[in-house]
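Tertiary structure, described
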Amino acid sequence: MRQLDINGWYKCKIDKQVYKQLTKRSDWQGLKHVFLWLVLLIISGYLACISWGTWWAIPAFLVYGNIFMACNPVWHECGHRTAFKTRWLNEFFYHIGSFMYNFEPIRWRWSHFHHHSYTLHTNPYDYEIQVSKPTDLFYVFLMHIPGGNLFLIFKGILSFHWETIKHALGVTTPVMKDCIPENEISKCRFYSRLHISIWVSIIYFSVFISSWLPVMLILLPFIYGTTLRNIFDFIQHAGLANNVKDHRLCVRTVKLNPVFSFLYWHMEYHTEHHMFPMVPSYNLKKLHKILKDQMPEPKYGIFDAYKEIIPAIIKQSKDPNYSIQVKIPQIS
């Protein structure tokens, strides 16, 4: 495992007592979010099931798939152990969210720590940034359309499956070498084999009952339901600077509507999250208000973010050294 350097990052000024209050975790806040998400998932899944075999299945599964893939912020928040005050609740939903999103939990716990230590750095490589520079515009296009991931077998979200298979077979990948401690590698291989066993069991069950519904409901949302997830992930860092130690220059905050904010679990305040990762997502809006005079102006909605991102990534497809010049408030 590469030695992580978490020092030297710029941090905005905040009163210590205020910060301490913001870092307080709550089982109620975590359970409230997860319960409502599961209710929406069950309702949308039921509508998808009863529409199976009709043209209504297309919009029904698109809605269900995008709600299903909102498991990502559940995985993420529980991985930080900030979703709940109780540790076992964080661990339980971390593993649930990891499986749903096709993330092997040990690999992604450590690579996410690495991501926070080296956000948008190229040496060492940030393993969570899928769009490298120079930007592959066709890859970006495929990320944004339902089913586009199907054409990204060894790149993008489908590569997670390939990586899990390699770990299960005993292959030591670069991310395992750089991010995972030696004493955690055996756990990584165990969970890789467990996930594959469950995948195979679900496929076998579908064949046994002569229906692809279990596969559609559990294994394939990452194909047809990732449009919102990919957009949320993309706007976090796209077009911003590599190899800097100021999150205001390499992370973007985008204010979202209430529905998207819920599905994203308030991670739209992403600059604030990277700067103070121990603040639970349900307190990030409060943190944003406290720090706003020290932060760049946030983007107001996805359209506003893409007005900045699209010209930038077109330029980066030709010039990998180009990055958006972020205006930072001058604080005396």
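Notes on the structure follow. (Residues numbered from 1 in each chain as written. Predicted model: local features only at pLDDT ≥ 70, side-chain atom pairs only at ≥ 80, totals over all residues. Heavy atoms only, no water.)

What to know about the overall build of the protein
Definition in use: Numbered from the N terminus, helices here are DSSP runs of H or I no shorter than four residues, and strands are runs of E no shorter than two. Between the two quantities, the radius of gyration covers C-alpha atoms and the globule rule is 2.2 Å times the number of residues to the power 0.38. Contacts are assigned to residue pairs with any non-hydrogen atoms lying within 4.5 Å of each other. Only the protein chains shown count as covering a residue, and every accessible area follows the Shrake-Rupley method with a 1.4 Å probe. Positive residues here are Lys and Arg, negative ones are Asp and Glu, while His and the chain termini are left out of the count. Lys charges are placed at NZ, Arg charges at CZ, Asp charges at CG and Glu charges at CD.
Summing up its helical and strand segments, the protein has 18 helices and two strands in all. Taking 2.2 N^0.38 as the reference for a compact globule, 332 residues should give roughly 20 Å; the C-alpha atoms of the protein span a radius of gyration of 20 Å, in line with that estimate. With respect to the principal axes defined by its C-alpha atoms, the protein has extents near 70 × 45 × 40 Å. Taking as baseline every contact in the protein between residues at least 6 positions apart, the subset at least 24 positions apart corresponds to 70%. Total accessible area on the protein stands at roughly 16,400 Å², and carbon and sulfur atoms take up 66% of it. Computing the positive centroid from 34 side-chain charges and the negative centroid from 22, the protein places the two 3 Å apart.

Here we look at the packing of helix α13 (residues 227-237) against helix α18 (residues 302-318)
Condition: Angles here are taken between N-to-C directions and fall from 0 to 180 degrees, while the axes themselves are lines fitted to C-alpha atoms, restricted in helices to the stretch in contact. The handedness criterion is simple: a crossing whose near helix is rotated anticlockwise from the far helix by less than a right angle is left-handed, and one whose near helix is rotated clockwise is right-handed. Three categories are distinguished: nonpolar for Ala, Val, Leu, Ile, Met, Phe, Trp, Tyr, Cys and Pro, charged for Asp, Glu, Lys and Arg, and polar for the others, with Gly belonging to the last.
Interhelical geometry of α13 versus α18 gives an angle of 65 degrees and a closest axis separation of 10 Å. Between α13 and α18 lies a crossing whose hand is left-handed. Taken together, the residues of α18 that come into contact with α13 (itself represented by Ile231, Phe232, Phe234 and Ile235) are Ile302, Ala305, Tyr306, Ile309 and Ile313. Grouping the amino acids of the contact of α13 with α18 by side-chain chemistry returns nine nonpolar, no polar and no charged.

Digging into a nonpolar patch on the surface
Put simply, the test is: What makes a patch is a set of residues exposed beyond 30% relative accessible area and free of salt bridges, joined within 9 Å when like-charged and within 5 Å when nonpolar (Val, Leu, Ile, Met, Phe, Trp, Tyr). Salt bridges are defined by distance alone: a side-chain nitrogen of Lys or Arg within 4 Å of a carboxyl oxygen of Asp or Glu.
Where nonpolar side chains cluster on the molecular surface, the patch consists of Ile43, Tyr46, Leu47 and Ile50 and spans about 430 Å² of accessible area. Tracing the sequence through the fold places Leu47 in helix α2 (residues 27-50).

As for the nonpolar core
Which entries qualify depends on this criterion: Among the buried residues, those of types Ala, Val, Leu, Ile, Met, Phe, Trp, Tyr and Cys that are joined through side-chain atoms within 4.5 Å form a nonpolar core. Only protein chains enter the area calculation, which uses a 1.4 Å probe; residues under 20% of their type maximum are buried, those over 50% are exposed, and those in between are partly exposed.
Core analysis: the biggest nonpolar cluster contains 64 residues, and Trp37, Phe61, Tyr64 and Phe234 have the highest contact counts within it. The element best represented in this core is helix α3 (residues 57-68), accounting for six residues. Other than its neighbours up to four places away in sequence, Phe61 contacts Ala48, Trp52, Leu213, Met216, Leu217 and Tyr224. Of all hydrophobic cores here, the second largest spans 10 residues; its members include Ile129, Ala241, Cys250 and Ala312.

Describing the environment of Tyr127
Note the following rule: Any N or O atom pair separated by 3.5 Å or less is treated as a polar contact, with the protein-specific requirement of one donor-capable and one acceptor-capable atom, and with residues adjacent in sequence counted only for side-chain atom pairs.
Structurally, Tyr127 is set in the loop between α6 (105-117) and α7 (137-143). Taking relative accessible area as the criterion, Tyr127 reaches 17% and is therefore assigned buried. Expressed as a C-alpha distance, the spacing of Tyr127 and Cys250, which sit 123 residues apart in the sequence, is 15 Å. If we ignore the near neighbours within four places in the chain, the residues touching Tyr127 are His114, Pro174, Val175, Asp178 and Cys179. Of the polar contacts made by the side chain of Tyr127, one reaches the backbone oxygen of Pro174; its length is 3.4 Å.

Things to note about unusual backbone geometry
Note: most peptide bonds trans; most residues except glycine with negative phi. The residue Asn102 is not glycine, and still its phi comes out positive at about 65 degrees. Looking at where Asn102 falls in the secondary structure, it is placed in the loop between α5 (87-100) and α6. Although it is not a glycine, Ser210 sits at a positive phi angle of roughly 55 degrees. The topology assignment puts Ser210 in the loop between α10 (185-209) and α11 (213-219).

Examining the side chain of Ser192
If you trace the backbone, Ser192 turns up in helix α10. Apart from the residues lying within four places of it in its own chain, the contact partners of Ser192 are Glu104, Thr164, His167 and Ala168.

A word on α18
Threshold: What a helix is expected to span follows from its residue count: subtract one and scale by 1.5 Å. Think of it this way: the bend at a residue is just the angle between two axes, each fitted to seven residues, one set ending at that residue and the other starting at it.
With 17 residues, α18 extends 24 Å from end C-alpha to end C-alpha; this agrees with the ideal 24 Å at 1.5 Å per step. Of all the bends found along α18, the most pronounced is centred on Ile309 and spans about 25 degrees, while Pro311, a proline, follows it within four residues. Of all the residues in α18, the buried ones are Ile302, Ala305, Tyr306, Ile309, Ala312, Ile313 and Gln316. Contacts from the buried residues of α18 go to α7, α13, β1 (254-255), α15 (258-263) and β2 (299-300).

Some details on the packing of aromatic side chains
What counts, and what does not: Side-chain rings of Phe, Tyr and Trp (the six-membered ring for Trp) are treated as a pair once their centres are within 6.5 Å; stacked means planes under 30 degrees apart, edge-to-face means over 60, and tilted covers the remaining angles. The rule is short: NZ of Lys or CZ of Arg within 6 Å of the ring centre and within 35 degrees of the ring normal puts a charge over the ring.
Tallied over the full model, the rule gives 20 aromatic pairs. With a centroid separation of 5.5 Å and an interplanar angle of 50 degrees, the aromatic rings of Tyr19 and Phe276 are classed as tilted. Residue Tyr19 is located in helix α1 (residues 16-22), and its partner Phe276 is located in the loop between α16 (270-275) and α17 (284-291); the two are separated by 257 residues in the primary sequence. Phe276 sits in the buried class, given a relative accessible area of 4%. Consider the rings of Tyr204 and Phe208, whose centres lie 6.4 Å apart with planes at 20 degrees: the pair is stacked. Taken together, the residues Tyr204 and Phe208, both in helix α10 and four residues apart, mark about one turn of the helix. Here Tyr204 falls in the exposed class, since its relative accessible area comes to 57%. One aromatic cluster is present, formed by Trp75, Tyr94, Tyr101, Phe103, Trp108 and Phe160 through successive ring pairs. The cationic tip of Arg107 hangs over the ring face of Trp108; the distance from NZ or CZ to the ring centre is 3.8 Å. Arg109 extends its terminal NZ or CZ atom over the ring of Tyr94, reaching a point 4.3 Å from the ring centre.

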